[in-house]
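Residue strings, one per chain:
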Amino acid sequence: MTSTRFVDLLGQQIRNEFTAQQQYIAAAVWFDKQDLPRLAGRFYRQAVEERNHAMMMVRYLLDRDLPAPIPGVDEVRQDFKTPLEPLGVALAQEQAVTAQVEALFKAARDEHDMLGEQFMLWFLKEQVEEVASASTLVTIAERAGDDWFRIEEHLARENVADGGVDPSAPEAAGGTL
Ligand SMILES: [Fe+2]
Ligand SMILES: [Fe+2]
């Protein structure tokens, strides 16, 4: 198989997923510094998920005998003043990733790449969950206002969709962390 638009986009998406990982780490460290351990814990875990997404894409390229270049990452935001800021950045990031995944799916379909199209299906499903839970966190933070600890209380009380291990997830190069 020669290089296609789908394969080019998938290579770029590996960078996007690693950048998402880095953005979640930056937010988690900020939460940690503000003594918001539940938010920090959630974002540290989310960072690992993004890393796994990148490595699933690497595994897929390896399995199809295509180049799998490992990129650096883009700059991330870390100059936050309130929890709502990193939560808003996370929501915007998930919405952007959804658009990227949709573009990947469409490229595969346009190029009649059935294997590529099938591979992207899981990521489409994953983005529904990720946007929903990022959006819930923004709502909770908006309601909490200046009382940041109410966000922590909410996270302690409710199990805001956390994903967890999904047996239908594609295999990650080197294994899922
Ligand atoms: Fe992701
Ligand atoms: Fe994500």
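What counts and what doesn't
- Residues numbered from 1 in each chain as written.
- Chains lettered and ligands numbered in written order.
- Predicted model: local features only at pLDDT ≥ 70, side-chain atom pairs only at ≥ 80, totals over all residues.
- Heavy atoms only, no water.
- Helix = DSSP H or I, 4+ residues; strand = E, 2+ residues; numbered from the N terminus.
- Rg over C-alpha atoms; globule rule 2.2 N^0.38 Å.
- Donors = N, O, S within 2.8 Å, 3.2 Å for Na, K, Ca; no water.
- Tetrahedral: all angles 85-135°; square planar, octahedral: opposite > 155°, others 65-115°.
- Buried < 20%, exposed > 50% of the residue type's maximum accessible area, 1.4 Å probe, protein only.

S.K.: What should I look at first to understand the overall build of the protein in this one?
M.R.: In terms of regular secondary structure, the protein is built from five helices and zero strands. Order of helices (α) and strands (β) in the protein, N terminus to C terminus: α-α-α-α-α. Its C-alpha atoms give the protein a radius of gyration of 17 Å, within 12% of the compact-globule value 16 Å for 177 residues. Dimensions of the protein, computed from C-alpha atoms along their principal axes, come out at roughly 55 × 25 × 25 Å.

S.K.: Even after reading the chapter, I still don't get the coordination of the iron ion (ligand 2), so can you show me in this structure?
M.R.: When a metal carries six donors in an octahedron, the ideal angles between them are 90 or 180 degrees, while four donors in a tetrahedron ideally lie at 109.5 degrees. Protein ligation of the iron ion (ligand 2) involves Glu 50 (OE), Glu 94 (OE), Glu 94 (OE) and Glu 130 (OE), the donor distances falling in the range 1.8 to 2.6 Å. Each of the four donor atoms bound to the iron ion (ligand 2) contributes to angles spanning 53 to 151°, and the resulting shape is irregular. Each donor residue of the iron ion (ligand 2) lies on the same chain, and together they follow the pattern E-x43-E-x35-E. Residue classification places Glu 130 among the buried positions, given a relative accessible area of 5%.

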